[in-house]
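These are the residues of each chain, in order.
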Amino acid sequence: MRTAVIAGTGLIGTSIALALRERGITTYLTDADPAALQTAEALGAGRAEEPREVADIAILAVPPVQVAPVLAMLQKRGTARFYTDVASVKGLPSKRIEALGCDLTSVVGGHPLAGGERSGPLAARADLFEGRPWVLVPSAVTSDSALNCALELTALCGATPVLFGAEDHDRAVALVSHAPHLIASLAAARLLDGNESALRLAGQGLRDVTRIAGGSPALWTDILSANAGPVADVLEAFAGDVLEAVAALRRSAEGRGGGPELSEALQRGVDGRARIPGKHGVPDAAFTAVEVSVGDSPGELARLFTDVAAAGSNIEDIGIDHSAKQLLGRASLAVAAGTEHALAQELRHRGWAAQSSNWPSGQGE
């Protein structure tokens, strides 16, 4: 690969462009939003101009509903030899691409599973895809050359390619991404009814549950609408679980039991969370935590990390819970199970307020 066109300079498109630029690929940028295009170019993501020759690949970093028309336009212009997209829904774009009569042999559907609650080119970074899954969805007629080019793209971005069918992909992301985002947004919306005194009690647990609710409503409306059926299926099952929990709580409130059902629901949550792959694919159960009080002043975290390294321990993950009233925070350091007591003792010897705990943090809230 020598040249690439990136159509769409939001978080994902600009991050792809930055990753390719770091590896010596000449990139050309297009966007319907002149401000986003200018920002991406200023960040060094590429040239805001049309390529003078046919590019090796065009990456469509646009919402799902725009994939088909933008692809048809670029193919009509002969922009690139091969084409892929980054939309988080695959079924709807695939159907519309076929309906528009696009050349399917040169197209590979794609979806890098990376990003965050921030959007736009200013949130982009070249290492966004390092170690992340990147789903590729070739059609029955996709050429080997097109698939190989898409595989090269994922490798250049540092991602791990995963092959899926369109329908299987959409059901999978409905379960692990789209429905959870909507559930987080609904949970965050409940806070609008809370008074300020109640919200002052919020801890890290609430922040963890609602973090992704800060995403762009316009972008997520497009995503959810494009994958409406699979998301509705997951949400309907979730609603059934919620109603069962409500019934159990009502029975408990009236003194008619309900505890066993609540315990079962909570245990199912523990079991479900344990299935999420952690660092290097190792479950979180392989880690325990050391809780350390850290002052909110320059150099404190660096000093803590230095002392942990001196103790011969490796930090597998970290969470920080900030105090709302004091210049103090709690760092929860995930370490290999069985090493937490020795590390906590060593840190106490070095002057830290440290104790072993559970991982993940926030279980006591």
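Everything in this summary refers to the structure shown in the same document. Here the structure is a predicted model, which means the values were calculated and not measured. (Residues numbered from 1 in each chain as written. Predicted model: local features only at pLDDT ≥ 70, side-chain atom pairs only at ≥ 80, totals over all residues. Heavy atoms only, no water.)

1. Structural notes on the nonpolar core
Proteins that are soluble and globular tend to have nonpolar side chains buried together.
Thinking step 1. One finds Ile16, Leu20, Ile59, Phe129, Trp134, Leu153 and Cys157 to be the most contacted residues of the largest nonpolar core, which totals 35 residues.
Thinking step 2. Elements with a minimum of two residues in this core: strand S1 (3-7), helix H1 (11-22), helix H2 (34-42), strand S3 (55-60), strand S6 (133-138) and helix H5 (144-156).
Thinking step 3. Per element, the largest residue contribution to this core is 7 residues, and it comes from H1.
Thinking step 4. Discounting chain neighbours no more than four positions away, the residues touching Leu153 are Met1, Ile16, Leu20, Ile57, Ile59, Thr84 and Trp134.
Thinking step 5. Ranked by size, the runner-up nonpolar core spans 18 residues in total, among them Ala55, Tyr83, Ala87 and Ile97. (Core = buried A, V, L, I, M, F, W, Y, C linked by side-chain atoms within 4.5 Å. Buried < 20%, exposed > 50% of the residue type's maximum accessible area, 1.4 Å probe, protein only. Helix = DSSP H or I, 4+ residues; strand = E, 2+ residues; numbered from the N terminus. Contact = heavy atoms within 4.5 Å.)

2. Observations regarding empty space enclosed by the protein
Thinking step 1. Applying the stated criterion across every chain yields a total of 1 cavity of 30 Å³ or more.
Thinking step 2. Lining the largest cavity, in full, are Leu60, Val67, Leu71, Tyr83, Thr84, Asp85, Ile97 and Val107.
Thinking step 3. Sorting elements by how many residues they give to the lining of the largest cavity places strand S4 (residues 80-85) first, with 3 residues.
Thinking step 4. For the lining of the largest cavity, the class distribution of residues is 6 nonpolar, 1 polar and 1 charged. (1 Å grid on protein atoms, 1.4 Å probe; cavity = no way out; pocket = protein on both sides within 12 Å on 5 of 7 lines; lining within 4 Å. Points joined across faces, edges and corners; volume = space filled by probe spheres on them. Nonpolar A, V, L, I, M, F, W, Y, C, P; charged D, E, K, R; others polar.)

3. Digging into the sheet that holds strand S8 (residues 287-295)
Thinking step 1. Here we have 4 strands laid out as an open sheet, ordered S9-S10-S8-S11, and antiparallel in their pairing. On the outer flanks of this sheet lie strand S9 (317-322) and strand S11 (354-357), each paired with one strand and no other. Across the sheet, the mean angle from the axis of one strand to that of its neighbour is 25 degrees, orientation sign disregarded.
Thinking step 2. Relative to strand S10 (residues 328-336), S8 is paired through 9 bridges, and the arrangement is antiparallel. The residue bridging Val294 from the neighbouring strand is Gly329, located in S10.
Thinking step 3. Its contacts with the sheet place helix H12 (residues 300-310) against S8, S9 and S10, and it is angled at close to 140 degrees to S8.
Thinking step 4. Contacts between helix H13 (residues 340-349) and the sheet are confined to S8, S10 and S11, with S11 contributing the most and set at about 170 degrees to the helix. (Pairing = 2+ DSSP bridges. Axes fitted to C-alpha atoms, helices over the stretch in contact; angles between N-to-C directions.)

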